[in-house]
Amino acid sequence: MSTLSTPHIKPDGAPIAESILLPGDPLRAKFIAETYFENPVCFNEVRNMLGFTGTYRGKQVSVMGTGMGIPSISLYSYELIHTFGVKQLIRVGSCGGMQEGIDLYDVVIGQAASTDSNYLSQFGAPGTYAPIGSYRLLERAVAHAREAEQTVHVGNVLSSDIFYNADESALARWTRMGILGVEMESAGLYANAAAAGVDALGIFTVSDDLVGGRHTTPEERQTAFTAMIEIALATVTE
Ligand code: ADE
């Protein structure tokens, strides 16, 4: 039995798979484990950041909440990668749509993740590092989305540190650069994965239309959420 533990993840001998899904909300992690996994076992309860391991279509897979924002996903993904040997990480979350033609409930896949965060400066690249998703996972995720006949947009997302921005024109300037949607985590995840040589990807459902000003309710999001989770699970267990 493994006795590995970190300040934020204490599995007490429970396994963590090499492949993990990462929703922001820990109760989403519980829902995913209970809905999709065979024999789910809880491996983390520290700060209620619930994590579970089970099997999906015969393959071992884990799911764990990350909290919101780059600092939170970055510390959890760092510990998962460096202490627990996780090699494939897929963030599953929501994003605000930022282009005409991106509809509520569409799926967006983050080929790259631009950011207004300073998190990446620690890596000391002598220029502007572009955080990108794993092409291996991206290719598979797109194939599974098409197979499921799910509308999917692939491109650059914005991982912003700022939900309530005093600069009201900031998002419009990102829209002009072709950003598909805004969320708050993937750039940190992609940079951590790149620095460690492992695979990461962000898959999102569009929960708000920031161009047209439309929003969804949590109940309405469930169908699109299901499509996204099934794409992510098929991608990591292929
Ligand atoms: N996730 C979903 N909608 C968002 C928004 N408007 N800003 C940041 N993250 C989001």
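Residues numbered from 1 in each chain as written. Predicted model: local features only at pLDDT ≥ 70, side-chain atom pairs only at ≥ 80, totals over all residues. Heavy atoms only, no water.

### Examining the pairing of strand E9 (residues 199-209)
For the record, the criterion: The buried label goes to any residue with under 20% of its type's maximum accessible area, the exposed label to any with over 50%, and the partly exposed label to all in between, with areas taken from a 1.4 Å probe on protein chains only. Secondary structure counts use DSSP, requiring at least four H or I residues in a row for a helix and at least two E residues in a row for a strand, with both numbered from the N terminus. When DSSP finds two or more bridges between a pair of strands, those strands are recorded as paired.
Where burial is concerned, most of E9 is hidden: ten out of the eleven residues are buried. Bridge analysis of strand E5 (residues 88-97) against E9 gives ten bridges, and the strand direction is parallel. Within the sheet, the bridge partner assigned to Ile90 lies in E9 and is Leu201. Relative to E9, strand E6 (residues 107-115) runs antiparallel, the two being bridged by three bridges. Paired with Val107 across the bridge in E9 is Thr205. In the sheet, E9 pairs with strand E10 (residues 214-215) via two bridges, with the strands oriented antiparallel. Its bridge partner lying in E10, Asp208 is registered against His215.

### Some details on the UniProt feature "domain: Nucleoside phosphorylase" (unreviewed entry) in the protein chain
This is how the line gets drawn: UniProt positions are given in the numbering used here, feature names are shortened, and annotations may be inferred rather than shown by experiment.
Mapped onto this numbering, the UniProt entry annotates "domain: Nucleoside phosphorylase" (unreviewed entry) at residues 20-227. Helix makes up 31% of residues 20-227 and strand 32%, with an end-to-end C-alpha separation of 17 Å.

### Quick look at the packing of helix H2 (residues 70-82) against helix H5 (residues 186-196)
Rules: Axis definition: a line fitted to C-alpha atoms, limited for helices to the stretch in contact. Angles are taken between N-to-C directions and run from 0 to 180 degrees. Should an angle fall under 35 degrees it is taken as roughly parallel, and over 145 as roughly antiparallel, whereas 65 to 115 is taken as roughly perpendicular and any remaining angle as oblique. By convention the crossing between two helices is left-handed if the near helix lies anticlockwise of the far one by an angle smaller than a right angle, and right-handed if it lies clockwise. By definition, residues are in contact when any of their heavy atoms lie within 4.5 Å. For this classification, the nonpolar set comprises Ala, Val, Leu, Ile, Met, Phe, Trp, Tyr, Cys and Pro, the charged set comprises Asp, Glu, Lys and Arg, and every other residue, Gly included, is treated as polar.
Two numbers describe how H2 lies on H5: the axes approach to 8 Å, and their chain directions differ by 25°. It follows from the interaxial angle that H2 and H5 lie roughly parallel. Crossing angle aside, the handedness with which H2 passes H5 is right-handed. The segment H2 lies against H5, with Ile70, Ile73, Ser74, Ser77, Tyr78, Ile81 and His82 engaging Ala187, Gly188, Leu189, Asn192, Ala193 and Ala196. Looking at the contact of H2 with H5, its residues break down into eight nonpolar, five polar and no charged.

### Thoughts on the pattern of salt bridges
Put simply, the rule reads: Whenever a carboxyl oxygen of Asp or Glu lies within 4 Å of a side-chain nitrogen of Lys or Arg, that contact is scored as a salt bridge.
All chains considered together, the criterion is met by eight salt bridges. When the shortest N-O distance is used, the salt bridge between Arg173 and Asp167 registers 2.5 Å. According to the relative accessible area criterion, Arg173 is partly exposed, its value standing at 40%. For Asp167, a relative accessible area of 33% translates into the label partly exposed. Each of the salt bridges in this network shares a partner with another, and the network as a whole consists of Arg91, Glu183 and Glu185.

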